[in-house]
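One-letter residues, chain by chain:
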Amino acid sequence: MGDSLLKIMVIILCAINAAMWEFYTESTMMAVLWLAVALGFIGWLSYDVRNR
């Protein structure tokens, strides 16, 4: 459960970071990059859940 919780927290923090980059600096490229990291962690989390 600890690894899953850590991955969920990383997803939340990456999403917040993406929002901050978009709204405060208006850097869409960095926002998309952070969203890609969040999506990667979502994929990793779903892979772990399916293969338990």
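Residues numbered from 1 in each chain as written. Predicted model: local features only at pLDDT ≥ 70, side-chain atom pairs only at ≥ 80, totals over all residues. Heavy atoms only, no water.

**As for the packing of aromatic side chains**
Here is step 1 of the chain: Going through the model one piece at a time under the given rule, you end up with 1 aromatic pair.
Here is step 2 of the chain: For the pair Phe41 and Trp44, a centre-to-centre distance of 5.6 Å together with 50° between the ring planes defines the contact as tilted. With a gap of 3 residues between them, Phe41 and Trp44 both fall in helix 2 (residues 28-50), about one helical turn apart.
Here is step 3 of the chain: Residue Trp44 is classed as partly exposed on the basis of its relative accessible area of 45%.
Here is step 4 of the chain: The cationic tip of Lys7 hangs over the ring face of Trp44; the distance from NZ or CZ to the ring centre is 4.0 Å. (Phe/Tyr/Trp six-rings, centres within 6.5 Å; stacked < 30°, edge-to-face > 60°. Helix = DSSP H or I, 4+ residues; strand = E, 2+ residues; numbered from the N terminus. Buried < 20%, exposed > 50% of the residue type's maximum accessible area, 1.4 Å probe, protein only. Lys NZ or Arg CZ within 6 Å of the ring centre and 35° of its normal.)

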